[in-house]
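Below are the chains, spelled out letter by letter.
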Amino acid sequence: MQKLSGLSRVIIALCSLAIIASYFVPIWRIDLFAPQYPEGLMMNIWFHKLTGDVDIINGLNHYIGMKKISADMFPEFTYLIYVVAAFIIYGLLIAITGSRKLLFSYLVVSALGGVLAIYDFYQWTYDYGHHLSPDAPIQVPGMSYQPPIIGHKQLLNFDAFSMPDVGGYIVAGSVVIVGIVWFIEWRKHKKA
Amino acid sequence: MRQSELKTLSLLAIAFATTVFSCKPKNVSTTTSGDAAEKVYVAPGKYDEFYNFVSGGFSGQMTVYGIPSGRLFKVIPVFSVDPEKGYGYSEETKPMLNTSHGFVPWDDLHHIALSETDGIHDGRWAFANGNNTPRLARVDMKTFRTAEILEIPNSAGNHSSPFITENSEYVIAGTRFAVPMPDTDTDVPINTYKDNFKATISLISVDKESGKMNIAFQILLPGVDFDLARAGKGKSHGWFFVSCYNTERANTLLEVNSAKNDKDFIMAVNWKKAEEYVKAGKGIKKSVNYAHNTYDEHTHSATSVMEKEVIMLDPKDCPDMIYFMPCPKNPHGCDTDPTGEYIVGSGKLAAVIPVFSFTKMLDAIDKKTFEGNYAGIPVLKYDAVLHGEVKKPGLGPLHTEFDANGNAYTSMFVSSEVVKWRVSDLQVLDRVPTYYSVGHLSVPGGPTKKPWGKYLIAYNKITKDRYLPTGPELCQSAQLYDISGDKMKMILDFPTIGEPHYAEAIPADMVSKNSVKFFKIEESKHPYVTMGEKEAKVERKGNEVHVYMTAIRSHLTPDNIEGVKLGDIVYFHVTNLEQDWDVPHGFAIKGANNAELLVMPGETQTLAWKPEKVGVYPIYCTDFCSALHQEMQGYIRISAPNKNVPLQFSTGTNQPKFEEDKF
């Protein structure tokens with residue numbers, strides 16, 4: 001079976017290495033705006049931690065009986081860094097071996113990983129948004145506070161926005177480029 | 001009287017009345033320009049161009065306004081207690097108002113000086129003087145709070161203060177009242193003034209980093225009344241100029257007896273020379289007793305230390321340090337222009353405004369062009385030091401500010417107007433009325449080497465018919481003029497807190513960018529801080545009960561306290577656990593002979609309370625902090641000393657014991 005071209009292998013290697021940068025920047029962000037918070041409150045999600053106005057958001061969330069958000073609640077923060085490392089090595093292996101099969105499986109794994117990550121994010125936000133303390137001072141019948149997976153949602157007086165942060169764009173961009181490489185290689189192979 | 005005669009007479013009366021009424025001055029509305037509203041309108045949510053730090057006069061406080069809108073942002077408590085903020089009531093702030101006379105809860109705050117670097121505002125500190133019990137205060141422009149208060153010994157009536165040198169090396173304090181010095185016999189007849197009463201000026205050094213003040217030295221002077229002062233700048237850096245009246249040294253009916261001499265003085269002090277004399281050991285150490293109070297933003301507490309010594313220079317031992325320039329008559333304002341070359345003396349009772357030349361002064365000193373001496377201090381010849389006189393400026397000149405284009409603006413108290421004149425040729429260029437009896441003026445950056453210009457604010461003593469009446473006591477006011485064109489134009493008029501004396505204005509972004517939003521709780525060094533609700537507790541130490549209380553939206557911890565006995569003193573140490581901007585919590589208890597606490601995020605403040613009666617007392621948060629602010633409340637139970645109630649405290653757990661017992 002024909003191996004990947006030299007250029008494709010270099011691009012894949014560079015994309016894999018670029019993902020290293022995402023360790024040093026947040027992956028995802030949730031922004032909250034309200035009349036009395038014109039400057040906005042921000043929560044940044046990294047592979048291994050949470051930053052931003054988490055304490056202030058927790059202070060506000062206690063009114064609606066939401067559980068306290070803290071990094072030690074999420075086991076993901078302990079192993080995500082290794083998963084991503086494995087993923088980087090996976091990409092580098094493709095570049096070294098030039099294996100087309102490996103490249104295809106990489107894209108399949110990426111897609112599955114993406115779906116899994118979104119599902120994981122969904123179930124955490126669902127849990128936080130729905131399992132509210134019965135002693136909450138503010139209880140709005142029928143109201144839940146799950147932030148959007150991506151995009152905008154109105155939660156009482158807050159406008160909540162959920163979107164990738166720098167790290168998220170790096171990871172997604174890298175995978176997309178690798179996908180394009182695969183597509184070009186696939187067409188070339190078909191013609192050949 | 002015939003009917004025709006009657007007709008003629010009544011016609012005459014109408015004619016007379018019409019003439020009289022038309023003689024009344026034009027309505028004020030004609031004196032503001034058509035586009036005034038546009039110039040002062042700062043739309044909701046928009047920021048002003050300048051901060052205006054204004055003295056509160058007999059309110060004892062400093063106020064902060066926005067220019068050009070005239071909106072009041074804050075009253076900073078300085079020399080007077082402020083129950084609204086707990087200033088002077090909380091255990092942490094009480095030491096700020098300590099003096100050698102004990103706790104003095106009021107003063108008369110007259111002048112403001114903003115710190116400078118290279119003769120330009122640096123936006124770090126605002127200094128203010130206490131006129132009554134001589135004190136000097138430093139306000140931190142990061143927190144808008146009083147950071148330090150220094151009592152001035154060997155002084156009375158600290159009026160000639162707190163003017164500042166171009167690198168904030170020194171702030172001056174000069175005595176308005178001469179008094180017998182405390183190291184001499186002070187129990188003397190008042191009419192021995194000429195023999196026994198002395199005046200002093202003090203130079204207070206300012207630490208470059210911390211801003212901390214220290215009395216570097218004092219100068220012992222004949223018993224005249226020092227009025228106002230300015231530091232030299234640029235070429236005259238190294239000198240202070242101080243106006244003085246009562247060179248007659250009268251001790252009674254000064255309005256007559258101090259107005260006898262045709263000329264009084266502007267005193268020129270070579271402070272660099274004075275520094276040399278201090279270094280050379282020419283100063284005499286004087287035993288004194290004065291309070292030095294500092295507020296620490298880490299312990300969130302003030303401490304008051306009694307200092308015991310100052311260094312005093314006597315001009316007798318220090319030649320070439322002090323000179324008098326004759327100045328007509330009872331001079332008040334004493335202002336140096338942005339170049340530092342010209343010194344404007346404003347003789348309140350004089351018909352001209354004399355302007356002195358620094359270069360000529362140095363020359364006269366060099367050539368010893370003296371007309372004599374006053375109490376041993378050389379008096380320079382008036383003509384030898386004079387740049388010129390502004391002729392027919394108006395009546396009662398008081399204070400002068402400058403713009404960046406070589407113009408001066410002088411307030412005229414008696415004729416209620418501001419007069420614009422050119423410094424170079426002393427020509428009067430324009431005049432506008434004030435409403436009424438203007439005192440100080442402020443041009444943004446006016447006293448510095450770099451006036452920001454654009455506006456002039458006049459501070460008026462009398463408002464009469466300017467606003468809706470409020471009984472016998474009326475407000476004082478400020479009036480804003482646009483000075484960007486050739487003609488001054490009045491564009492706004494707004495009431496002030498207390499009586500405004502001097503004020504300074506500074507571009508907003510020099511200050512706003514440094515404004516502190518909250519205190520980091522983990523950096524708190526307060527001895528009674530409660531770092532989280534789990535640490536909240538109540539401790540008994542003899543008859544003192546210390547409540548380590550936290551406040552966070554929307555509950556106090558603990559909010560149920562029992563086991564406190566009549567005869568105990570309860571100290572509520574309230575820590576605001578919030579770590580966000582604009583979330584203060586207040587704290588108050590029924591019947592406390594005290595004020596509330598207003599606790600900023602991350603701060604701890606203490607209210608001492610001595611309960612007088614057995615019972616249950618409500619406590620609550622006084623600052624509307626959240627949707628559940630009204631629920632932020634609790635109780636403390638005070639029991640008879642012989643009743644055995646154990647000390648206990650909680651939040652959320654002190655529930656009724658047996659629900660079914662009710663049925």
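The rules we used
- Residues numbered from 1 in each chain as written.
- Chains lettered and ligands numbered in written order.
- Predicted model: local features only at pLDDT ≥ 70, side-chain atom pairs only at ≥ 80, totals over all residues.
- Helix = DSSP H or I, 4+ residues; strand = E, 2+ residues; numbered from the N terminus.
- Buried ≥ 20, exposed ≤ 12 C-beta atoms within 10 Å, placed from the backbone.
- Contact = placed C-beta atoms within 7 Å.
- Nonpolar A, V, L, I, M, F, W, Y, C, P; charged D, E, K, R; others polar.
- Core = buried A, V, L, I, M, F, W, Y, C linked by C-beta atoms within 7 Å.
- Pairing = 2+ DSSP bridges.
- Domains from an automatic or database assignment.
- Expected span 1.5 Å × (residues − 1).
- pLDDT = per-residue confidence, 0-100.
- Axes fitted to C-alpha atoms, helices over the stretch in contact; angles between N-to-C directions.
- Parallel < 35°, antiparallel > 145°, perpendicular 65-115°, else oblique.
- Left-handed = near helix turned anticlockwise from the far one by under 90°.

1. Details of the overall build of chain B
Argument step 1. Across its full length, chain B holds eight helices and 45 strands.
Argument step 2. Expressed along its principal axes, the backbone C-alpha trace of chain B runs to roughly 95 × 90 × 50 Å.
Argument step 3. Within chain B, the fraction of its 663 residues that count as buried is 50%.

2. Topic: the interface of chain A and chain B
Argument step 1. If you look at the interface, chain A gives five residues, while chain B gives six residues.
Argument step 2. Its residues assigned to classes, the side of chain A that touches chain B comprises three nonpolar, one polar and one charged.

3. What about the nonpolar core?
Residues and elements named next belong to chain B.
Argument step 1. Counting 131 residues, the largest nonpolar core has V269, M325, L456 and I457 as the members making the most contacts within it.
Argument step 2. Not counting chain neighbours up to four residues away, the residues in contact with L456 comprise E401, Y409, V418, L441, V443, Y481, I483 and M488.
Argument step 3. Within the second largest apolar cluster, 36 residues are counted, among which are I521, V570, V599 and I619.

4. Some thoughts on the pairing of strand β23 (residues 370-374) of chain B
Argument step 1. Where β23(B) lies against strand β24 (residues 377-380) of chain B, four bridges are found, and the strand directions are antiparallel. Considered in β24(B), the bridge of B:F370 is made with B:L380.

5. So, the domain arrangement of chain B
Residues and elements named next belong to chain B.
Argument step 1. Domain assignment breaks chain B into domain 1 (38-186 + 199-512) and domain 2 (525-657).
Argument step 2. Each partner contributes residues to the interface: domain 1 has eleven residues there, and domain 2 has 13 residues.
Argument step 3. The class makeup of the residues in the side of domain 1 that touches domain 2 is two nonpolar, six polar and three charged.

6. Overview of helix α5 (residues 166-191) of chain A
Residues and elements named next belong to chain A.
Argument step 1. If you check α5, its first and last C-alpha atoms are 38 Å apart, about what 26 residues at 1.5 Å a residue would give, namely 38 Å.
Argument step 2. If you check which residues of α5 are buried, you get G167, I170, V171, S174, V175, V178 and V181.
Argument step 3. Contacts made by the buried residues of α5 are with α1 (6-18) and α4 (100-130).

7. Let's talk about the confidence of the model for chain B
All names here are of chain B.
Argument step 1. For chain B, the average pLDDT comes to 94, and 94% of its residues sit at 70 or higher.
Argument step 2. Predicted confidence for residues 17-22 stays below pLDDT 50, and this span has zero contacts to residues more than four positions away or in other chains.
Argument step 3. Interface scoring of the predicted complex returns ipTM 0.80; its pTM is 0.90.

8. Remarks on the sheet that holds strand β34 (residues 503-507) of chain B
All names here are of chain B.
Argument step 1. Read across the open sheet, the four strands follow the order β3-β2-β1-β34; overall the sheet is antiparallel. Each edge of the open sheet is held by one strand with a lone partner, namely β3 (72-76) and β34. Here the average twist between neighbouring strands, direction ignored, is 20°.
Argument step 2. Two elements, strand β2 (residues 62-67) and β3, share four bridges in a ladder whose sense is antiparallel. Bridge assignment links T63 to a residue of β3, and that residue is V75.

9. Some words on the environment of B:F370
Residues and elements named next belong to chain B.
Argument step 1. As for its position among the elements, F370 is in strand β23.
Argument step 2. Sequence separation between F370 and G498 is 128 residues; the distance between their C-alpha atoms is 44 Å.
Argument step 3. Filtering out sequence-adjacent residues up to four positions away, F370 remains in contact with P378, V379, L380 and K381.

10. As for the packing of α1(A) against helix α3 (residues 76-97) of chain A
All names here are of chain A.
Argument step 1. The interhelical angle for the contact between α1 and α3, taken along N-to-C directions, is 165°, at an axis separation of 8 Å. Here α1 is positioned roughly antiparallel relative to α3, judged by the angle of their axes. Judged by the twist between their axes, the crossing of α1 over α3 is left-handed. Seen from α1, the contacting residues are R9, I12, A13, C15 and S16; seen from α3, they are I88, G91, L92, I94 and A95.

11. Considering unusual backbone geometry
All names here are of chain B.
Argument step 1. Backbone torsion omega between R553 and S554 reads 0°, so that peptide bond is classified as cis.
Argument step 2. Checked against the element boundaries, S554 lands in the loop between β36 (544-552) and β37 (555-557).
Argument step 3. Note the cis peptide between T557 and P558, where omega equals -5°.
Argument step 4. With respect to the secondary-structure elements, P558 resides in the loop between β37 and β38 (560-565).
Argument step 5. A positive phi is found at K368, a non-glycine position, where the angle reads about 50°.
Argument step 6. With respect to the secondary-structure elements, K368 resides in the loop between α6 (358-366) and β23.

12. A look at the sheet that holds strand β1 (residues 28-34) of chain A
All names here are of chain A.
Argument step 1. Taken in spatial order, the five strands make up an open sheet running β3-β2-β1-β5-β4, and their pairing is antiparallel. Each end of this open sheet is capped by a strand with a single partner; those strands are β3 (50-52) and β4 (151-155). The sheet shows a mean angle of 20° between the axes of neighbouring strands, direction not considered.
Argument step 2. Pairing geometry for β4 and strand β5 (residues 158-164), over five bridges, is antiparallel. Counterpart to K153 in the pairing with β5 is A160.
Argument step 3. Its contacts with the sheet place helix α2 (residues 54-61) against β1, β2 (37-45) and β3, and it is angled at close to 110° to β2.

13. Some remarks on the pairing of strand β35 (residues 537-541) of chain B
Residues and elements named next belong to chain B.
Argument step 1. Here five bridges tie β35 to β36, and the two strands are oriented antiparallel to one another. Across the sheet, R540 pairs through a bridge with V545, a residue of β36.
Argument step 2. Two successive antiparallel strands, β35 and β36, enclose a turn made up of two residues, where G542 displays a positive phi of approximately 65°.

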